[in-house]
Amino acid sequence: MSNVEAAAGRLPSRTEVLIVGAGPVGLTLSLELSRYGIDHVLVSDGDGPSAHPKCNTTNARSMEHFRRLGLSRALRFGGLAENYPTDIVYLTRLGGEEIGRIRFPTARQAAEHDGRRNGPWLTPELQHRISQIFLERILLDEARKQPRAGIFLQRRLLDYRDDGTGVDAVVQPVEGGESQVVRSRWIIGCDGARSAVRRVAGIAYEGESGADRPMFGGTMVATYYRSRRLAELFAGREGFMYWTVNPDIRSVTVAIDGKDSFLTHIQVPAEASPEAMDPRDFLRRVAGEDIDVEIMSSAVWNAGLRLVARQLVKGRAVLAGDAAHLFTPTGGFGMNTGIDDVANLAWKLAADVQGWGGPALVASYDAERRPIAHRNTLAASEVADILGAFPVPDAIEGAGVAGEQARELVRDAIAHVAVEEFGTVGVQLGARYEGSPIVVPDGTPPPADSRTRYVPTARPGSRLPHFLLDGGVPIFDRLGIGLTLIDFSDGGADPWPLLETARARGIDVAYVAIASAERPASIGADIVLVRPDGHVAWRGDRLPDDGDAFFDRILGWLC
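My aim in this report is to walk through the structure given alongside it, one point at a time. Throughout this document, residue positions are counted from 1 along each chain, in the order its sequence is written. In keeping with the predicted nature of the model, local features appear solely for residues at pLDDT of at least 70, side-chain atom pairs appear and are counted solely at 80 or more, and the whole-chain, interface and lining totals rest on all residues. To get the side-chain values, all heavy atoms of the structure are used, and hydrogens and water are removed first.

Remarks on the overall build of the protein chain
- Per the secondary structure count, the protein chain includes 15 helices and 25 strands.
- Two things to know: the radius of gyration comes from C-alpha atoms, and the globule rule equals 2.2 Å times the number of residues to the power 0.38. The C-alpha radius of gyration of the protein chain comes to 24 Å, within 12% of the 24 Å expected for a compact globule of 559 residues.
- With respect to the three principal axes, the spread of C-alpha positions in the protein chain is 75 × 65 × 40 Å.
- For the protein chain, the proportion of its 559 residues judged to be buried stands at 59%. Put simply, DSSP H or I for four residues or longer makes a helix, DSSP E for two residues or longer makes a strand, and each gets a number counted from the N terminus. The buried label goes to any residue with under 20% of its type's maximum accessible area, the exposed label to any with over 50%, and the partly exposed label to all in between, with areas taken from a 1.4 Å probe on protein chains only.

What follows is the structure, given as structure tokens:
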């Protein structure tokens, strides 16, 4: 398989993995599989990157994954200008008085971040503000360069048949014509809320779909537009996201290109029909004056969602991203949970295809990621509840003492909201695979799970804590493409019997010896085995005696 075939429009009859969906999640999975050297095909019924902005935040954990793929710097400088402020700004109206501001680093400042002075954000990669329209373009361009990938746009999945050893998928051009059958070991649904893979698999969502809130709790309208006047109103007080706080209309506006392109979300009043609403009318109300508006697209969507597929693996079909879980977008967890999904999934698919993973390895994706989907959708819902309860005094736009007191009340509330919505380090870095069948527990108690607090720990199932080696190199940059054995024993352990067992079984294990003086307290043991997705599979002060039994456990050979 190659992109030469893709350019010629010829779908191959066979591949190892068939990905359905070319959003950020499907494209990231493609890049991950290419890194592992796995032949795969990606099909999508779209014709290229999204034209309508959706997700606008790539969180710290996703940026760590993109760092591993060699793309974090390209993303840092692929959207807003490198020195454009990424602050969150609260205003009475877009052209009104600024009430408060939460400051965040620019792309340049984040790129220069060295992982030392970051308070609770213990990571070499801070979160990043980039619209999905730019993110997808970068990912698609990179995916098309990979010799192991075939990228086929404007192709829809009609059906598939799973015979237990593989999948025969029926794919047809969007404009019609003759369908083709593609045989693959696995089919992966990264094809969104209306997933064809999920439909054919017969998997339903479970959870909440009708939360009622003053904001982010019903029918929403998102309008993408250009406005020279709005850019003028923001001149000198630029930000990434602008919240309007007044009794008339609640909205959030995102700067898309840092020039004159914006995306505004409003909640549709219960008595109104979104189809009958003229976006120009509510954009003028949001701005507080008559502004020029060139509408590029408008989309109706539903907030108040907290849905997770009842299973993520069924036979040879696997779900990821929105096909697996739907969020209210507060906190920016949706796309980022999907990217973390495929970081977990890709190495398991590679291990299965290459023969070093056991029959239960891919199945462990459900055991590990579905609890995280429930955790993260709940976190998003809790943040939405906080935003929905945001106080909006009647006098907030008024002059004099009453107006200033009203705005001061909101300033106090902003400090709380800042932590709850934008300080979600616990959600981003604290995901743990409790009870996973491929993680070896060490009997230590888990730290408390929190949206806003992250406790670094190498307790098995956790993300390996970030720390810098002597010379300022992040430990993440020393991890291998496969498993990584990190040894702080100062020669007290003999790793070679275990490494020889791995070699004999075709398992790629990198060995990294680090002086015990460099070991942070969060590691908690002399030796740590890290998986390709950066999570800890095992830790201890001495290596296991039976290497075969050890690898059988962590690589899914024990069914």
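Details of the pattern of salt bridges
- By convention in these notes, a salt bridge is any Lys or Arg side-chain nitrogen within 4 Å of a carboxyl oxygen on Asp or Glu. Per the counting criterion, the structure on display carries 50 salt bridges.
- Arg-285 is paired through a salt bridge with Asp-248; the nearest N and O atoms lie 2.9 Å apart. Linking Arg-285 in helix 9 (residues 279–287) with Asp-248 in the loop between strand 14 (241–244) and strand 15 (251–255), this pair joins segments that are 37 residues apart in sequence.
- Across the pair Arg-459 and Glu-434 runs a salt bridge, and its minimum N-O distance is 2.7 Å. Highlighted residues: Arg-459 in the loop between helix 13 (425–429) and strand 22 (483–487) and Glu-434 in the loop between helix 13 and strand 22, separated in sequence by 25 residues.
- For Arg-459, a relative accessible area of 11% gives the class buried.
- Each of the salt bridges in this network shares a partner with another, and the network as a whole consists of Arg-61, Glu-64, Asp-340, Asp-341, Arg-369 and Arg-463.

Let's talk about the sheet that holds strand 18 (residues 306–309)
- An order of 12-18-21 is seen for the three strands of this open sheet, with the pairing classed as antiparallel. Looking along the sheet, the strands with just one partner apiece sit at the ends: strand 12 (205–208) and strand 21 (325–327). Here the average twist between neighbouring strands, direction ignored, is 15 degrees.
- Sheet analysis places strand 12 next to strand 18, joined by four bridges and oriented antiparallel. Within strand 18, the position partnered with Glu-208 by the bridge is Arg-306.
- The criterion used for residue contact is that any of the two residues' heavy atoms lie within 4.5 Å. Note on definitions: angles span 0 to 180 degrees between N-to-C directions of axes, and those axes are lines fitted to C-alpha atoms, for helices only across the stretch in contact. The strands touched by helix 11 (residues 364–388) are strand 12, strand 18 and strand 21; relative to strand 18, the strand with the most contacts, the crossing angle is about 170 degrees. In short, DSSP must find at least two bridges between two strands for them to pair.

Notes on the packing of aromatic side chains
- A pair of aromatic rings is counted whenever rings of Phe, Tyr or Trp (Trp by its six-membered ring) have centres within 6.5 Å, and the orientation is called stacked for planes under 30 degrees apart, edge-to-face for over 60 and tilted otherwise. Tallied over the entire structure, the rule returns 10 aromatic pairs.
- Ring geometry for Phe-467 versus Phe-488: centroids 6.2 Å apart, planes at 45 degrees, classification tilted. With Phe-467 in the loop between helix 13 and strand 22 and Phe-488 in the loop between strand 22 and helix 14 (496–504), this pair connects stretches of sequence that are 21 residues apart.
- Its relative accessible area of 8% is what places Phe-467 among the buried residues.
- Joined through ring pairs, the aromatic side chains of Tyr-225, Phe-234, Tyr-242 and Phe-262 make up one cluster.
- Lying over the aromatic face of Phe-104, Arg-129 brings its terminal NZ or CZ to 5.3 Å of the ring centre. Throughout this description, the term charge over a ring refers to an Arg CZ or Lys NZ atom that lies within 6 Å of the ring centre and within 35 degrees of the ring normal.

Quick word on the nonpolar core
- Put simply, buried Ala, Val, Leu, Ile, Met, Phe, Trp, Tyr and Cys residues joined by side-chain atoms within 4.5 Å make one nonpolar core. Leu-29, Tyr-90, Ile-187, Phe-216, Trp-243 and Phe-551 are the most contacted members of the largest nonpolar core, which has 148 residues in total.
- Sorting elements by how many residues they give to this core places helix 10 (residues 334–354) first, with 10 residues.
- For Trp-243, the contacting residues outside a window of four places in its chain are Ile-88, Val-89, Tyr-90, Leu-91, Met-215, Phe-216, Ser-251, Val-252, Leu-387, Glu-421 and Phe-422.
- Formed by 14 residues, the second largest nonpolar core is a distinct cluster that contains Leu-464, Phe-467, Leu-469 and Phe-476.

A word on the packing of helix 2 (residues 24–35) against helix 10
- Between helix 2 and helix 10, whose axes approach to 9 Å, the crossing angle comes to 30 degrees. It follows from the interaxial angle that helix 2 and helix 10 lie roughly parallel. In the crossing of helix 2 with helix 10, the sense of the turn from one axis to the other is right-handed. From helix 2, Pro-24, Val-25, Thr-28, Leu-29, Glu-32 and Leu-33 reach across to helix 10, where they touch Met-335, Gly-338, Ile-339, Val-342, Ala-343, Leu-345, Ala-346 and Leu-349. An angle counts as roughly parallel when it lies under 35 degrees, as roughly antiparallel when it exceeds 145, as roughly perpendicular when it falls between 65 and 115, and as oblique in every other case. In this scheme the handedness of a crossing depends on how the near helix is turned from the far one: anticlockwise by less than a right angle means left-handed, clockwise means right-handed.

Focus on the environment of Arg-553
- Relative to the assigned elements, Arg-553 resides in helix 15 (residues 547–554).
- When its relative accessible area of 30% is taken as the criterion, Arg-553 is described as partly exposed.
- Between the C-alpha atom of Arg-553 and that of Val-440, which follows or precedes it by 113 residues, the distance is 7.7 Å.

Things to note about helix 9
- Restricting attention to buried positions, one finds in helix 9 the residues Pro-279, Phe-282, Leu-283, Val-286 and Ala-287. In a view along the axis of helix 9, the buried residues occupy a sector of 140 degrees, so they form one face of it.
- Looking at the buried side of helix 9, the elements it contacts are strand 13 (219–226), strand 14, strand 15, strand 16 (261–267) and strand 17 (294–302).
- Within 3.5 Å is the distance limit for a polar contact, defined as a pair of N or O atoms, with the added protein rule that one can donate a hydrogen and the other accept it, and that residues adjacent in sequence qualify only through two side-chain atoms. Residue Asp-278 occupies the N-cap position of helix 9, its side-chain oxygen lying 3.0 Å from the main-chain nitrogen of Arg-280.
- Following helix 9 by one or two positions, Gly-288 has its phi on the positive side, about 85 degrees. Throughout, the arc means the angular range of directions from the helix axis out to the C-beta atoms.

Examining the layout of surface pockets
- Grid points spaced at 1 Å and placed over the protein atoms alone form the basis of the search, with a cavity being a set where a 1.4 Å probe fits but cannot get out and a pocket an open set showing protein on both sides within 12 Å along at least five of seven lines. Lining residues have an atom within 4 Å of a point. Grid points are joined across faces, edges and corners, and a volume is the space filled by probe spheres set on the points. In this structure, the second largest pocket occupies an estimated 300 Å³ of space.
- Lining the second largest pocket are 18 residues; nearest its centre among them are Phe-104, Pro-105, Trp-121, Gln-127 and Phe-422.
- Elements with a contribution of two residues or more to the lining of the second largest pocket: helix 5 (107–111), strand 6 (128–129) and helix 12 (400–422).
- In terms of residue count, helix 12 provides more of the lining of the second largest pocket than any other element does, three residues in total.
- Among the residues forming the lining of the second largest pocket, the class breakdown is 10 nonpolar, five polar and three charged. Ten residue types, Ala, Val, Leu, Ile, Met, Phe, Trp, Tyr, Cys and Pro, are classed as nonpolar, four, Asp, Glu, Lys and Arg, as charged, and the remainder, Gly among them, as polar.

Examining the sheet that holds strand 5 (residues 98–102)
- In spatial order, the strands read 5-4-14-15-16-13-17; together these seven strands make up an open sheet with mixed pairing. If you trace the sheet from one side to the other, it starts and ends with strand 5 and strand 17, each paired once. Each adjacent strand pair in this sheet contributes to an overall mean axis angle of 20 degrees, direction not counted.
- Contacting strand 13, strand 14, strand 15, strand 16 and strand 17, helix 9 crosses the sheet at an angle of about 85 degrees to strand 13.
- Helix-sheet contacts for helix 12 involve strand 4 (88–91), strand 5 and strand 14, and the interaxial angle to strand 5 is about 25 degrees.

As for unusual backbone geometry
- Even without glycine at this site, Gln-154 takes up a positive phi of about 55 degrees.
- Mapped onto the secondary structure, Gln-154 falls in the loop between strand 7 (149–153) and strand 8 (155–162).

Focus: helix 6 (residues 132–144)
- Relative to the 18 Å expected for 13 residues at 1.5 Å per residue, helix 6 spans 18 Å between its end C-alpha atoms, a close match to the ideal helical length.
- Inspection of helix 6 places Gln-132, Ile-133, Phe-134, Leu-135, Glu-136, Ile-138, Leu-139, Leu-140 and Ala-143 among the buried residues, and these make up the whole buried set. For a helix, the expected span equals 1.5 Å multiplied by the number of residues minus one.

Regarding the state of the cysteines
- The rule for a disulfide is simple: a pair of cysteine sulfur atoms within 2.5 Å. Enumeration over the complete set of coordinates arrives at zero disulfides.
- Free of any disulfide, Cys-190 has its nearest neighbouring cysteine sulfur in Cys-55, separated by 15 Å.

Keep in mind these values describe shape, not function.
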